[in-house]
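Inside the fold
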Amino acid sequence: MTFHTEYLWFNTTRKREYINITDKVEGIVQASSVSEGMVLVSAMHITAGVWVNDAEGGLLSDIDKWLENLAPYDPDYQHHRTGENNGDAHLKNLLVHNQVMLPITGGMLDLGPWQQVYYAEFDGRRKKRAVVKVMGE
Amino acid sequence: MTFHTEYLWFNTTRKREYINITDKVEGIVQASSVSEGMVLVSAMHITAGVWVNDAEGGLLSDIDKWLENLAPYDPDYQHHRTGENNGDAHLKNLLVHNQVMLPITGGMLDLGPWQQVYYAEFDGRRKKRAVVKVMGE
Amino acid sequence: MTFHTEYLWFNTTRKREYINITDKVEGIVQASSVSEGMVLVSAMHITAGVWVNDAEGGLLSDIDKWLENLAPYDPDYQHHRTGENNGDAHLKNLLVHNQVMLPITGGMLDLGPWQQVYYAEFDGRRKKRAVVKVMGE
């Protein structure tokens with residue numbers, strides 16, 4: 001069995017940003033030489049998410065607006081009594097989940113034709129990271 | 001280690017449909033002969049989900065209504081400028097997640113008494129699929 | 001390969017309760033002696049969730065209020081025709097997901113500095129459980 005772990009670092013210019021990391025994950029799978037297995041892609045922060053969806057700019061705008069609608073910024077979150085002001089980013093993380101497991105078959109990510117892997121930053125403008133861990137043989 | 005990969009195909013008659021695939025996943029686990037491990041069940045589309053919940057018709061109606069309330073059809077999604085009209089299905093996918101990992105213990109799916117695996121179609125009436133990948137020994 | 005499976009039991013005093021199980025999961029990883037691999041933490045019920053987020057009391061109150069807002073108790077759910085009255089708990093489960101996969105690197109949970117694992121009970125006051133399954137070597 002091979003275990004291969006890498007970390008992807010992000011430092012976005014905007015508070016919320018959606019970054020297509022499919023090629024990076026595919027590169028890590030190649031580097032692992034695993035042909036059968038799975039790869040976990042998981043945000044290491046509680047104010048960011050990872051999802052698989054379409055690489056289409058209009059949709060990303062729709063998602064951003066939808067997330068702000070369902071998990072809005074609100075100065076009155078109790079979490080803000082700690083001095084933080086990112087309560088909404090925690091809720092957005094819970095809504096979209098923070099990770100995906102991707103199958104590896106024949107040495108490739110076994111994804112459908114439109115499936116792209118995104119790192120979703122909800123509280124950026126600082127260094128943050130995701131873990132990418134390959135397990136297989 | 002054994003890796004065993006199968007694909008489940010769907011072609012629903014309705015736009016939204018919720019299909020209990022527990023027996024099919026259990027059958028794939030049996031076919032793999034894995035007694036200890038995990039099985040990933042993941043939609044290969046960005047307008048479908050996979051969840052574990054109850055096989056109860058009233059609840060499925062409640063879920064359908066709830067999803068339409070939180071991630072409604074809306075002609076004005078920016079995604080629709082591409083010619084698509086399924087923006088809501090993308091949002092429903094993000095809301096419920098597109099996959100589950102099920103433990104395999106003693107050659108069986110290690111599920112609680114009411115846990116059933118569903119493929120949730122949000123934009124059907126065409127051929128779509130899910131990947132079922134078993135990893136274990 | 002090592003496979004190590006344990007079950008965590010819960011019997012909360014309140015209907016909804018959020019329990020930090022990070023130390024218990026870490027202990028199970030130690031007991032497995034796995035140094036490289038992954039651990040699945042998954043609720044075995046359809047009215048409970050598992051998430052990774054912050055151990056901060058104000059935030060937990062915010063999450064509880066947010067979940068009740070997006071997936072409220074409602075006497076009129078069709079599911080309640082079965083005699084149940086926990087339709088909201090099923091929807092909350094779908095919203096936050098029922099499981100996480102945690103990477104194990106160097107014999108430790110490979111989590112970010114603020115990531116804590118929670119069992120989220122949405123319909124408690126009775127015995128319920130989560131499965132913790134370690135896979136690695």
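For every chain, the first residue of the written sequence is number 1, and numbering continues from 1 onward in sequence order. Lettering of chains starts at A and numbering of ligands starts at 1, both following the order in which they are written. Thresholds applied to this predicted model are a pLDDT of at least 70 for local features of residues and 80 or more for the giving and counting of side-chain atom pairs; totals over whole chains, interfaces and linings are not thresholded and use all residues. In computing side-chain values, all of the structure's heavy atoms are included and hydrogens and water are not.

What follows deals with the sheet that holds strand β5 (residues 99-105) of chain B. The antiparallel open sheet is built from five strands, whose spatial order is β1-β8-β3-β5-β6 (chain B). Across the chains shown, the open sheet's two edge strands, defined by having one partner strand only, are β1 (2-10) and β6 (108-109) of chain B. Strands are labelled as partners when DSSP assigns at least two bridges between them. Each helix is a run of DSSP H or I of at least 4 residues and each strand a run of E of at least 2, with the numbering of both proceeding from the N terminus.

Turning next to the interface of chain A and chain B. For an interface, size is often stated in terms of accessible area lost upon the parts coming together. Between chain A and chain B, the residue contacts involve 35 residues of the former and 27 residues of the latter. By buried area we mean how much accessible surface two parts lose on assembly, using a 1.4 Å probe and totalling the loss over both. Taken over both partners, the interface formed by chain A and chain B buries close to 2,700 Å², and the fraction arising from carbon and sulfur atoms is 66%. By the criterion of area lost to chain B, the three top residues of chain A are A:M38, A:D62 and A:W66, representing 22% of everything that side buries. Salt-bridge detection follows one rule: a side-chain nitrogen of Lys or Arg within 4 Å of a carboxyl oxygen of Asp or Glu. Linking chain A with chain B are one salt bridge. Among the ionic pairs, B:K133 bridges to A:E36, the shortest N-O distance being 2.7 Å. Identification of polar contacts relies on pairs of N or O atoms within 3.5 Å, with a donor-acceptor requirement for protein atoms, meaning one able to donate a hydrogen and the other able to accept it, and with residues adjacent in sequence counted only if both atoms are side-chain atoms. Where chain A packs against chain B, one counts 13 residue pairs in polar contact (both at pLDDT 80 or more). Listed by contribution, the elements that provide at least two residues to the side of chain A that touches chain B are β3 (36-43), β4 (48-53), α2 (57-70), α3 (87-96), β5 (99-105) and β8 (128-136) of chain A. Here the residues of the side of chain A that touches chain B sort into 19 nonpolar, 10 polar and six charged. Any two residues whose heavy atoms approach within 4.5 Å at even a single point are treated as in contact. Residue polarity is assigned by list, with Asp, Glu, Lys and Arg as charged and Ala, Val, Leu, Ile, Met, Phe, Trp, Tyr, Cys and Pro as nonpolar; anything else, Gly included, falls into the polar class.

Moving on: the side chain of A:H45. In this fold, A:H45 is placed in the loop between β3 and β4. Aside from chain neighbours lying at most four places away, what touches A:H45 is A:N93, A:K127, A:K128, A:R129 and C:Q115.

Superposing the two chain copies requires a rotation about an axis and a translation along that axis. Overlay of chain A on chain B (RMSD 0.0 Å): rotation 120°, translation along the axis 0.0 Å. Considering both components of the superposition, the chain copies are consistent with a three-fold axis. Measuring from the rotation axis to each C-alpha of chain A, the shortest distance belongs to A:L95, at 3.6 Å. Little of the interface of chain A is mirrored in chain B, where only 20% of its interface residues are also at the interface. To superpose the copies, least squares is applied to the C-alpha atoms of every residue with a pLDDT of at least 70 in both.

Here we take up the packing of aromatic side chains. Aromatic pairing here means that ring centres of Phe, Tyr or Trp (its six-membered ring) are within 6.5 Å. Orientation follows from the plane angle: under 30 degrees is stacked, over 60 is edge-to-face, and everything else is tilted. Enumeration according to the criterion identifies 12 aromatic pairs over all chains in this entry. By the ring-pair criterion, three or more aromatic residues cluster together here, those being A:Y18, A:W51, A:Y118 and A:F122. We call a charge positioned over a ring when the NZ of a Lys or the CZ of an Arg lies within 6 Å of the ring centre and within 35 degrees of the ring normal. The side chain of A:K127 reaches across the aromatic face of A:W9, ending 4.6 Å from its centre. Here B:R129 stacks its cationic end above the ring of B:Y7, 4.9 Å away from the centre of that ring.

As a further point, take empty space enclosed by the protein. As defined here, a cavity is a set of points on a 1 Å grid over the protein atoms alone where a 1.4 Å probe fits but cannot get out. A pocket is an open set with protein on both sides within 12 Å along at least five of seven lines, and residues line them when an atom is within 4 Å of a point. Grid points are joined across faces, edges and corners, and a volume is the space filled by probe spheres set on the points. Applying the stated criterion across every chain, the model contains seven cavities of 30 Å³ or more. By volume, the largest cavity amounts to about 90 Å³. Class assignment of the residues belonging to the lining of the largest cavity gives a composition of seven nonpolar, six polar and no charged.

Here the focus is the interface of chain A and chain C. At the interface, 27 residues of chain A touch 35 residues of chain C. Of the roughly 2,700 Å² buried between chain A and chain C, counting both surfaces, carbon and sulfur atoms make up 65%. Applying the counting rule to chain A against chain C returns one salt bridge. Joining chain A to chain C, the criterion identifies 13 residue pairs in polar contact (both at pLDDT 80 or more). With five residues, α3(A) is the largest single contributor of residues to the side of chain A that touches chain C. When grouped by side-chain class, the residues that make up the side of chain A that touches chain C number 16 nonpolar, 10 polar and one charged.

No statement about biological role is implied by the geometric values presented.
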